[in-house]
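Single-letter residue listing:
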Amino acid sequence: KRKRKKHFPNHHPSKMASLCLSLHQTLKPVARPLLSHSFPRSATVSVRHSTRRATVSASYTPTPATERVISIASYALPFFNSLQYGRFLFAQYPRLGLLFQPIFPILNLYRSVPYASFVAFFGLYLGVVRNTSFTRYVRFNAMQAVTLDVLLAVPVLLTRILDPGQGGGFGMKAMMWGHTGVFVFSFMCFIYGVLSCLVGKTPYIPFVADAAGRQL
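Within any chain, residue numbers begin from 1 and follow the written order of that chain's sequence. Given that the model is predicted, a residue must reach a pLDDT of at least 70 before its local features are reported, and side-chain atom pairs must reach 80 or more before they are shown or counted; all residues, however, enter totals for whole chains, interfaces and linings. Working from all heavy atoms in the structure, the side-chain values ignore hydrogens and water.

- The name that an unreviewed UniProt entry assigns to the protein chain is Protein TIC 20, with the source organism given as Capsella rubella.

Right, dumping it as structure tokens:
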């Protein structure tokens, strides 16, 4: 008997390669994007703008009118007390004094009260600066006014100690220049403080703001 030989189909190498390639493509997982849903660019920009707008609106808080009025009134104390230093300037330029005529009735009323400067100083310091019911904005402006008013007492003390005399020597001229400079500086601080408080901003007076901030 002849042994029958098993017959195997002829597997060509090219056919085997194509078969493997097809199986590999079939079993290969489909690559998916990380984000299945993409938002339009306009929506993203609008969200960013709305968030930025909300942040800006939340950080901006306008200063109430009552706080601005109290702060402006605080700077009137050092300004009224500094007018005495402007007498030499007004004597040399009389027309300059005409600019201050509208405040003369208020100034006369202020000076008619006994110890008005003393009462206003402690009233501003104890009633506003040390009163925690007021905001820091009001207390800081009041403390700047108090500090400036204290500094205005220094030229008077120096004048009494040095005693420049009544003649036309260098001492008298130095006192006139010094008093005029003190008045100009005080007047500029008053204008700067009033304008800043009108718009709700915090004025920072040179040589005064740092000392005032340490007292709060």
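Now, onward.
1. Quick word on the environment of I106
- Helix and strand definitions here come from DSSP, where helices need a minimum of 4 consecutive H or I residues and strands a minimum of 2 consecutive E residues; each element is numbered from the N-terminal end. Residue position: I106 is located in helix α7 (residues 104-112).
- Between the alpha carbons of I106 and F80 there is a distance of 9.5 Å; along the sequence they are 26 residues apart.

2. Regarding the packing of aromatic side chains
- Pairing of aromatic side chains requires ring centres within 6.5 Å, counting the rings of Phe and Tyr and the six-membered ring of Trp. Pairs whose planes differ by under 30 degrees are stacked, by over 60 edge-to-face, and all others tilted. Tallied over the full model, the rule gives 13 aromatic pairs.
- For the ring pair F100 and F187, a centre distance of 5.5 Å and an interplane angle of 70 degrees mean the geometry is edge-to-face. Within this pair, whereas F100 is found in the loop between α6 (94-97) and α7, its partner F187 is found in helix α11 (residues 170-198), the two being separated by 87 residues in sequence.
- Remark: exposure states derive from per-residue accessible area (1.4 Å probe, protein chains only) relative to the maximum for the residue type, with buried under 20%, exposed over 50%, and partly exposed in between. In this structure F100 comes out as buried when scored by relative accessible area, which is 8%.
- In this structure F187 comes out as partly exposed when scored by relative accessible area, which is 29%.

3. Section: the side chain of S74
- Counting through the fold element by element, S74 comes out in helix α3 (residues 65-74).
- The class of S74 is buried, set by a relative accessible area of 2%.
- Ignoring anything within four residues of it in the chain, the contact list for S74 reads L124, N141, A142 and A145. Contact definition: two residues touch when any of their heavy atoms are within 4.5 Å.

4. Thoughts on the environment of P78
- Tracing the backbone shows P78 in helix α4 (residues 76-82).
- For the pair P78 and F190, spaced 112 residues apart in the sequence, the C-alpha separation amounts to 8.1 Å.
- P78 has contacts with A145, L148, D149, L152 and S186, leaving out every residue within four places of it along the chain.

5. Structural notes on the UniProt feature "transmembrane region" (unreviewed entry) in the protein chain
- UniProt positions are given in the numbering used here, feature names are shortened, and annotations may be inferred rather than shown by experiment. As recorded in UniProt, the sites labelled "transmembrane region" (unreviewed entry) are residues 109-128, 140-162 and 174-195.
- Helix makes up 96% of residues 140-162 and strand 0%, and the two end C-alpha atoms of the span are 34 Å apart.
- Overall, residues 174-195 shows 100% helix and 0% strand. The separation of its end C-alpha atoms is 32 Å.

6. Topic: the packing of helix α9 (residues 136-151) against α11
- Comment: axis = line fitted to C-alpha atoms, over the contacting stretch for helices; angle = value between 0 and 180 degrees taken between N-to-C directions. Close contact between α9 and α11 brings their axes to 12 Å; oriented N to C, the two are set at 170 degrees. Here α9 is positioned roughly antiparallel relative to α11, judged by the angle of their axes. Along its contact with α9, which presents Y137, N141 and L148, the element α11 presents F185, C189, S196 and C197.
- When residue character is reported, Ala, Val, Leu, Ile, Met, Phe, Trp, Tyr, Cys and Pro are called nonpolar, Asp, Glu, Lys and Arg charged, and the others, Gly included, polar. Looking at side-chain class alone, the contact of α9 with α11 contains five nonpolar, two polar and no charged residues. In these notes the angle categories are as follows: under 35 degrees is roughly parallel, over 145 is roughly antiparallel, 65 to 115 is roughly perpendicular, and the rest is oblique.

7. Quick notes on the packing of α9 against helix α10 (residues 153-162)
- Where α9 meets α10, the axes come as close as 4 Å, and the angle between the chain directions of the two elements is 10 degrees. One way to sum up the angle between α9 and α10 is to call them roughly parallel. Every residue of α10 that contacts α9 at D149, V150 and L151 is listed here: A153, V154 and P155.
- Split by residue class, the contact of α9 with α10 holds five nonpolar, no polar and one charged.

8. Digging into the side chain of S71
- Inspection of the secondary structure assignment puts S71 in helix α3.
- For S71, a relative accessible area of 0% gives the class buried.
- Excluding residues within four positions of it along the chain, S71 makes contact with Y137, V138, N141 and C197.

9. Some remarks on the nonpolar core
- To define a nonpolar core, start from buried Ala, Val, Leu, Ile, Met, Phe, Trp, Tyr and Cys residues and group those joined through side-chain atoms within 4.5 Å. Y75, F79, F80, L83, Y110, L124 and F183 are the most contacted members of the largest nonpolar core, which has 34 residues in total.
- Secondary-structure elements contributing two or more residues to this core are α4, α7, α8 (116-129), α9, α11 and α12 (209-214).
- A total of eight residues in this core trace back to one element, the largest contributor, which is α9.
- Leave out the neighbours within four places in its chain, and L83 touches F90, F100, I103, L107, R111 and F183.

10. Let's talk about unusual backbone geometry
- Notably, Y115 is not glycine yet its phi reads approximately 55 degrees, a positive angle.
- Considering the arrangement of structural elements, one finds Y115 in the loop between α7 and α8.
- The phi angle at F207 is positive, at roughly 65 degrees, despite the residue not being glycine.
- Relative to the helices and strands, F207 is located in the loop between α11 and α12.
- A residue is classified by how much of its surface remains accessible, and F207, at 77% relative accessible area, is exposed.

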